[in-house]
Amino acid sequence: QVQLVESGGGLVQAGGSLRLSCAASGRTFSRYNMGWFRQAPGKEREFVAAISWSGGTTDYADSVKGRFTISRDNAKNAVYLQMNSLKPEETAVYYCAASSSFTRVTRRYESWGQGTQVTVSS
């Protein structure tokens, strides 16, 4: 129902910051709850953060709370993930996703981007 494209990934030193962007298609973008997930090599896909359709409610994985910030701009059909104080173990492909529910459960998300690589060096 919605096409998602991530950008902003790259190589960063431990302790550094990156800002990921997710551009969405469709005039109904504002009706979707949005989430960020990541998948490290050899590991399962992991919830990172979610934001409600209005932007008024957010949810974060404990491991990123206080360091990451999810936001959205419905006028631009965009979602962002500001990542600060990055750690090497957070090296992963980061995905944005859209859901009709506000949730951290992977299977509840209906649409996914192709992902953007984030590499954190030590």
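Everything that follows concerns the structure shown earlier in this document.
Notes on the structure follow.

Here we look at the pairing of strand 5 (residues 46-51)
Thinking step 1. Most of strand 5 is tucked away, with five of its six residues classed as buried.
Thinking step 2. One ladder, built from five bridges, connects strand 4 (residues 33-39) with strand 5; its direction is antiparallel. Paired with Gly-35 across the strands is Ala-50, a residue of strand 5.
Thinking step 3. Where strand 4 hands over to strand 5, the hairpin turn is made up of six residues, of which Gly-42 adopts a positive phi near 75°.
Thinking step 4. Pairing geometry for strand 5 and strand 6 (residues 58-60), over three bridges, is antiparallel. Residue pairing across strands places Ile-51 opposite Thr-58, the latter belonging to strand 6.
Thinking step 5. Two successive antiparallel strands, strand 5 and strand 6, enclose a turn made up of six residues, where Gly-55 displays a positive phi of approximately 85°.

Things to note about the pattern of salt bridges
Thinking step 1. Considering all chains together, one arrives at four salt bridges under this definition.
Thinking step 2. Arg-38 is the partner of Glu-46 in a salt bridge, and the nearest nitrogen-oxygen pair spans 2.9 Å.
Thinking step 3. Glu-46 gets classed as partly exposed once you look at its relative accessible area, which sits at 34%.
Thinking step 4. In this structure Arg-38 comes out as buried when scored by relative accessible area, which is 6%.
Thinking step 5. Between Arg-67 and Glu-90 there is a salt bridge, with its nearest N and O atoms 2.5 Å apart.

What counts as what
- Residues numbered from 1 in each chain as written.
- Predicted model: local features only at pLDDT ≥ 70, side-chain atom pairs only at ≥ 80, totals over all residues.
- Heavy atoms only, no water.
- Buried < 20%, exposed > 50% of the residue type's maximum accessible area, 1.4 Å probe, protein only.
- Helix = DSSP H or I, 4+ residues; strand = E, 2+ residues; numbered from the N terminus.
- Pairing = 2+ DSSP bridges.
- Salt bridge = Lys/Arg side-chain N within 4 Å of Asp/Glu carboxyl O.

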